[in-house]
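# Overview (structure and organization)
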Amino acid sequence: MSTAFHGAKYCWMDGAIIETEKALVTAMNEVYLGIFEGIKAYVAGDVLGKGRVDIFRWESHIERLWHSAAVCGITIPYTREQLLEATRETIKANEFTTNVYIQPRLWPKSSSGRFVAKEFHTLIPIWNFNTLLGKGNPRFSEKTRTIVSSWRRIPSDAMPAQAKCWANYANSALAAREAARLGYDAALFLDSRGFVSEGTGACVVSVRDGKLITPPVTASILESVTRSSILEFAPEDLGIPAEVRDISRVELYASDEAFFCGTGWEITPITSIDGIPIGNEQHGPLTQRIAEYYAGILAGNVEKRKNWLTPA
Ligand code: PMP
């Protein structure tokens, strides 16, 4: 077995730093309900900060973890401050000086009940995860040929779509596998009403007539930290108007530009939907502006948004 998981020799589990390969839960353990969070930390762009990483919107992500826990009836056995300290310790133990992905996980303990598990392992795996917005902009030179999945996004009266619950990702996996099977790069969902919802692990933004449009929380989306950041900085800092409202499938096809946004996907231009080209099948000018500004925020180069960064 490799000693490092994507460069992560150590992780934090139940109160201590341990070797990643020793972070084990038994396969006899049924995983019906568990939650996680997905956070990124970026190498500070200024010279003084070189070698240091800053966590993007720690408070918002950790609030969402607590919200996910509340919805699922899970008690997190640590405080927010303890998890921040654990995250810092794990980054230090791994000697990370690259951009990293931080994924706090609550995993039911096998002995604590089937559907009504009361005790949960708390894990913080952290691994190397380079930005897609950096040099060469990989996501900007690639095509992201997207389909509208035949699977609908789970309605939030059936599953907690606004919680980052592992089980929700079975729905995502079905759509992603459908896209792969049909030879596409990505999938997005309609909600149970037939309006645009979100991607498999990212939210969706349509650009029409110089304005950003993104579906509301009631369209079964995860309340994305990236989406809410864009909704704040696009109008305030860049003068780009942004609107939250339902989008029909046909309207989405008619987008001038469209992109996915999320912690992992960052800003990923959608180049076609169901074979219909979006714009000229390349990232459009507004997507590029948003992506460049967002990259600046993440690198700590935007004074006004430095309060979105927490030193790790
Ligand atoms: N929707 C889903 C289903 C996701 O998994 C994610 C990634 N966390 C997002 C949207 C984007 O959320 P965020 O910007 O907070 O990463």
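Calculation notes
Residues numbered from 1 in each chain as written. Predicted model: local features only at pLDDT ≥ 70, side-chain atom pairs only at ≥ 80, totals over all residues. Heavy atoms only, no water. Phe/Tyr/Trp six-rings, centres within 6.5 Å; stacked < 30°, edge-to-face > 60°. Helix = DSSP H or I, 4+ residues; strand = E, 2+ residues; numbered from the N terminus. Buried < 20%, exposed > 50% of the residue type's maximum accessible area, 1.4 Å probe, protein only. Lys NZ or Arg CZ within 6 Å of the ring centre and 35° of its normal. Pairing = 2+ DSSP bridges. Axes fitted to C-alpha atoms, helices over the stretch in contact; angles between N-to-C directions. Contact = heavy atoms within 4.5 Å. Near = heavy atom within 4 Å. Polar contact = N/O pair within 3.5 Å; in protein donor to acceptor, adjacent residues only side chain to side chain. Areas by Shrake-Rupley, 256 points an atom, 1.4 Å probe, with all protein chains shown as cover. Expected span 1.5 Å × (residues − 1). Salt bridge = Lys/Arg side-chain N within 4 Å of Asp/Glu carboxyl O. Disulfide = S-S within 2.5 Å.

### Side note on the packing of aromatic side chains
Inspection of the entire model under this criterion finds 12 aromatic pairs. A centroid spacing of 4.8 Å and a plane angle of 50° characterise the contact between Tyr32 and Phe115, whose relative ring orientation is tilted. Of this pair, Tyr32 sits in the loop between β2 (16-19) and β3 (35-36) while Phe115 sits in the loop between β7 (105-108) and β8 (120-124); the two residues are 83 residues apart in sequence, bridging distant segments of the chain. Classification of Tyr32 as partly exposed rests on a relative accessible area of 36%. Classification of Phe115 as exposed rests on a relative accessible area of 55%. Seen from their ring centres, Phe56 and Tyr294 are 5.7 Å apart, and the 80° between their planes marks the pair as edge-to-face. In this pair, Phe56 is assigned in strand β5 (residues 53-56) and Tyr294 in helix α7 (residues 285-298), connecting sequence segments 238 residues apart. Pair check on accessibility: Phe56 and Tyr294 agree, each one buried. Ring pairs connect the aromatic residues Phe56, Phe233, Tyr293, Tyr294 and Trp308, which therefore count as one cluster. Across from the ring centre of Trp66, 4.5 Å away, lies the NZ or CZ of Arg80, which sits over that ring.

### What about the sheet that holds strand β15 (residues 242-244)?
Strand-to-strand pairing in sheets goes through backbone hydrogen bonds, with the strands running parallel or antiparallel. Overall, mixed pairing links the 5 strands, which are arranged β15-β14-β13-β16-β17 in an open sheet. Here the strands that pair on one side only, and so sit at the sheet edges, are β15 and β17 (266-269). Here the strands of the sheet are splayed against their neighbours by 30° on average, with no regard to which way each runs. Packing against the sheet, α7 makes contact with β13 (203-208), β14 (211-214), β16 (257-262) and β17, and its axis sits at approximately 160° to β17.

### Digging into the site of the ligand
Around the ligand, the structure places 17 residues, and the nearest of them are Tyr169, Glu198, Ser224, Thr226 and Thr263. Between the ligand and the protein, one listed contact pairs an oxygen atom with a side-chain N or O atom of Ser224 at 2.6 Å. For the ligand, whose free accessible area comes to 380 Å², the fraction covered by protein is 97%. For the shell around the ligand, the secondary structure elements donating two or more residues are α1 (58-72), α5 (225-238) and β16.

### Thoughts on the side chain of Thr263
Tracing the backbone through its elements, the reader meets Thr263 in the loop between β16 and β17. Note on Thr263: relative accessible area 14%, which makes it buried. Beyond its immediate chain neighbours, meaning those up to four positions away, Thr263 contacts Gly38, Ile39, Lys40, Tyr42, His61, Tyr101 and Thr226.

### A closer look at α7
Taking 1.5 Å of rise per residue, the 14 residues of α7 would be expected to cover 20 Å, and the 20 Å separating its terminal C-alpha atoms lies within 8% of that figure. Backbone geometry just downstream of α7 places Gly300 in the positive-phi region, at approximately 80°.

### Some words on the pattern of salt bridges
Within this structure, the stated rule accounts for 20 salt bridges. For Arg193, the salt bridge identified is with Asp246, shortest N-O distance 2.7 Å. Of this pair, Arg193 sits in the loop between β11 (186-190) and β12 (196-199) while Asp246 sits in the loop between β15 and α6 (249-253), and the two are 53 residues apart along the sequence. Each of Arg208, Lys211, Glu243, Arg245 and Glu251 takes part in one network of salt bridges that share partners.

### A short note on the side chain of Ser68
As for its position among the elements, Ser68 is in helix α1. From its side chain, Ser68 meets the backbone nitrogen of Lys164 in a polar contact 2.9 Å long. In contact with Ser68, not counting residues within four places along its chain, are Ile35, Ala163 and Lys164.

### Quick notes on the state of the cysteines
Across all of its chains, the model carries 0 disulfides by this definition. Free cysteine Cys72: the closest other cysteine sulfur is in Cys165, separated by 4.3 Å. Given the relative accessible area of 13%, Cys72 is considered buried. This cysteine, Cys261, is not joined by any disulfide, and Cys203 carries the nearest cysteine sulfur, 5.4 Å off. Since its relative accessible area comes to 0%, Cys261 is described here as buried.

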